[in-house]
Amino acid sequence: MIKKVLIANRGEIAVRIIRACREMGIETVAVCSEADRNALHAMLADQTICIGPAPSSESYLNINRIISATMTSGADAIHPGFGFLSEDARFARICERCNITFIGPSSDMIAASGNKARAKKTMIDAGVPTIPGSAEAARTVEDGLRLADIATYPVMIKAALGGGGKGMRVARSKDVFTQAFQTAQQEAKNAFGDGSMYIEHYVEHPKHIEVQILADKYGNVVSLGERDCSIQRNHQKLIEETPCETLSEEKRKAICEAAVKAAKAVNYENAGTVEFLLEPSGNFYFMEMNTRIQVEHPITEWVTGIDLIKEQIKIASGEKLGFTQEDVEIKGHSIEVRINAEDAEHKFRPCPGKIELAYLPGGQGVRIDSAVYSGLEIPAYYDSMLAKLSVWAPTREEAIKKAQSALGEVIITGIKTNIDYQYGIITSPEFISGKTDIDFIDKFSRK
Ligand code: MV4
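Residues numbered from 1 in each chain as written. Predicted model: local features only at pLDDT ≥ 70, side-chain atom pairs only at ≥ 80, totals over all residues. Heavy atoms only, no water.

**As for the environment of Ala 112**
Counting through the fold element by element, Ala 112 comes out in helix 5 (residues 107-114). With 140 residues separating them in the primary sequence, Ala 112 and Arg 252 have C-alpha atoms 27 Å apart. (Helix = DSSP H or I, 4+ residues; strand = E, 2+ residues; numbered from the N terminus.)

Here you go:
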């Protein structure tokens, strides 16, 4: 059993993990950078080790320093949170070699999921629906042109090691393919040191639907329902909700079963998320698998009553899942709104600085995941997310009202935030209709 966890992260997710450990009677070790000496996670943990200067490369991304802090503190496990080293196969491998329990899947699993072309091939073989177009690697424009004809135009050119939109281009026809391929491949080489590409048919106006799964070491896999994450800007999610308003019960069952099939096909272990594109026609396709706990996990916790961080720790400790698929019941509706330190009027540029006053709401069915407080200086070095406001209500209509009411109460002064912008979205007829797709934000912002 895990006795002491080092949290290799900062901000609200570090605080979230500290809370779960404390409730389980597990000791916690925080790490912080010099810019985070006054950070909430550094104050709340049982023990805190400053691991280096403000830049992430010298602190939260510095594997040697994190491993040293783990050894020094006597922690027997590391929770990586999300971002930073959470999907770094090399980091997970070093943990394995050092006999430190990495709270997540194995390093081999992380590496296999990180190669999207390889993951797609595995899913094709397993009979999970994938986006039309093969997973075969295209290393040259000639390869690409041949595969694009098979996928049929318009096509999407993707980097095998991509994700988050990097090394990705749409080509609407053959005459723009060469240019798009070369740009995407160059971007991929720069970002991932690898120019291996694959070509798919471009899916128009889909929703981004992802399914949360939990898998233990004994082959038990359960799905915890879907999340509709279609409201995104530059591959940054803004609002997530569950259940998805436009999925029929039949489709929901099918997509959740496909996610479980995907997880079983790779002998997945720990918490994971299977991403799909959902077409207006109702067809859905596997896109990729995320091997970390995700930012938006609270909405799944709201509708299932399951604490995902505690489940991650129990699974990593070798416990069997304490429930079956039949025990999982999706109740009511949940919505999460991300509150970021950014200037919505100037291309959403990050706005770090000192928070004068932070008032965050509560009340029945309202949850705040945050690490901000009045007087805190937000460093310029890290992600601009300040807080996650999530709500639960029996119906979608009530959940929307609750989200509007709670968001309307938030006070953050001293820095610019996206609160007014988010309020605009959750009061818009398009959001209220539930029919938003991945192109919604572009249309919304151009108004
Ligand atoms: C696609 C697609 C349309 N067709 N693939 C975005 C990031 C990476 N995970 C894959 N992505 C997409 N792949 C095909 N064949 C559209 C996207 C996409 C997207 C997906 C989900 C949420 C927001 C998005 C925004 C732009 C593009």
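That shown, we press on.
**A word on the nonpolar core**
The biggest cluster of nonpolar side chains holds 35 residues, and the ones touching the most others in it are Ile 239, Leu 386 and Ile 425. Within the residue set of this core, elements represented by two or more residues are strand 11 (236-242), strand 14 (333-340), strand 21 (385-393), helix 12 (396-409), helix 13 (419-426) and helix 15 (440-446). Every residue in contact with Ile 239, bar those within four places of it in the chain, is listed here: Asp 228, Cys 229, Ile 231, Ile 335, Glu 336, Val 337, Gln 422, Ile 425, Ile 426 and Phe 431. The next biggest cluster of nonpolar side chains, apart from the first, holds 31 residues, and it includes Val 5, Ile 17, Ile 103 and Val 328. (Core = buried A, V, L, I, M, F, W, Y, C linked by side-chain atoms within 4.5 Å. Buried < 20%, exposed > 50% of the residue type's maximum accessible area, 1.4 Å probe, protein only. Contact = heavy atoms within 4.5 Å.)

**Describing the side chain of His 333**
Note that His 333 resides in strand 14. A relative accessible area of 5% means that His 333 is categorised as buried. Within polar-contact distance, the side chain of His 333 engages the side chain of Glu 241 at 2.6 Å. The contacts of His 333, once residues within four sequence positions are left out, are Glu 241, Thr 242, Pro 243, Val 303, Val 391, Trp 392, Ala 393, Pro 394, Thr 395, Arg 396 and Ala 399. (Polar contact = N/O pair within 3.5 Å; in protein donor to acceptor, adjacent residues only side chain to side chain.)

**A closer look at the site of the ligand**
Every one of the 17 residues lining the ligand counts as a neighbour, but Lys 158, Glu 200, His 201, Val 203 and Glu 288 are closest to it. With respect to the ligand, the backbone of Val 203 contributes an N or O atom lying 2.9 Å from a nitrogen atom. Here a nitrogen atom of the ligand and a side-chain polar atom of Glu 288 are 3.1 Å apart. Its free accessible area being 520 Å², the ligand has 90% of it covered by the protein chains. Inspection of the shell around the ligand shows a minimum of three residues originating in each of domain 2 (132-201) and domain 3 (207-445). (Near = heavy atom within 4 Å. Areas by Shrake-Rupley, 256 points an atom, 1.4 Å probe, with all protein chains shown as cover. Domains from an automatic or database assignment.)

**A look at the domain arrangement of the protein chain**
Here the domain parsing of the protein chain yields domain 1 (4-103), domain 2 (132-201) and domain 3 (207-445). The C-alpha-based centres of domain 1 and domain 3 are spaced at 23 Å. The interface is formed by 34 residues belonging to domain 1 together with 29 residues belonging to domain 3. Overall, the association of domain 1 and domain 3 removes approximately 2,300 Å² of surface from exposure, summing both partners, and the carbon and sulfur fraction of that is 64%. Inspection of the domain 1/domain 3 interface yields 5 salt bridges. A salt bridge links Arg 16 to Asp 307; its shortest N-O distance comes to 2.8 Å. Here domain 1 and domain 3 share 11 residue pairs in polar contact (both at pLDDT 80 or more) between them. Counting only elements with at least two residues in the side of domain 1 that touches domain 3, the list comes to helix 1 (11-24) and helix 2 (40-44). (Buried area = accessible area lost by both parts, 1.4 Å probe. Salt bridge = Lys/Arg side-chain N within 4 Å of Asp/Glu carboxyl O.)

**Side note on the sheet that holds strand 7 (residues 166-171)**
Reading across the sheet, the 3 strands line up as 7-6-8 and stay open at both edges, with antiparallel pairing between neighbours. Two strands in the sheet have a free side with no partner beyond their single neighbour: strand 7 and strand 8 (197-201). Between one strand axis and the next, the sheet turns through 25 degrees on average, direction left out of account. As defined by bridge partners, strand 6 (residues 155-163) adjoins strand 7 across 5 bridges and the pair is classed as antiparallel. Bridging across to strand 7, Ile 157 finds its partner in Arg 169. This element, helix 6 (residues 116-126), spans strand 6 and strand 8 of the sheet and lies at about 110 degrees to strand 6. (Pairing = 2+ DSSP bridges. Axes fitted to C-alpha atoms, helices over the stretch in contact; angles between N-to-C directions.)

**Section: the packing of aromatic side chains**
On inspection of all chains with the given rule, the structure shows 10 aromatic pairs. Ring geometry for Phe 348 against Tyr 421: centres 4.8 Å apart, planes inclined by 80 degrees, an arrangement best described as edge-to-face. Of this pair, Phe 348 sits in the loop between strand 15 (342-343) and strand 16 (349-350) while Tyr 421 sits in helix 13, and the two are 73 residues apart along the sequence. Grouping residues by exposure puts Phe 348 and Tyr 421 together as buried. (Phe/Tyr/Trp six-rings, centres within 6.5 Å; stacked < 30°, edge-to-face > 60°.)

**Regarding the packing of helix 4 (residues 89-97) against helix 5**
Taken N-terminus to C-terminus, the directions of helix 4 and helix 5 make an angle of 170 degrees; their axes are 8 Å apart at the nearest point. Taken as axis vectors, helix 4 and helix 5 run roughly antiparallel relative to one another. Within the contact between the two elements, helix 4 uses Ala 89, Ala 92, Arg 93 and Glu 96 and helix 5 uses Ser 107, Asp 108, Ile 110 and Ala 111. Its residues assigned to classes, the contact of helix 4 with helix 5 shows 4 nonpolar, 1 polar and 3 charged. (Parallel < 35°, antiparallel > 145°, perpendicular 65-115°, else oblique. Nonpolar A, V, L, I, M, F, W, Y, C, P; charged D, E, K, R; others polar.)

**Section: the sheet that holds strand 11**
Spatial ordering of the open sheet is given by 13-12-9-10-11-14-21-19, a layout of 8 strands whose pairing is antiparallel. Edge positions in the open sheet fall to strand 13 (284-290) and strand 19 (366-370), since each of these has one partner strand only. The average angle at which neighbouring strand axes cross in this sheet is 25 degrees, direction not considered. Where strand 9 (residues 207-215) lies against strand 10 (residues 221-233), 6 bridges are found, and the strand directions are antiparallel. The residue of strand 10 that forms the bridge with Ala 215 is Val 221.

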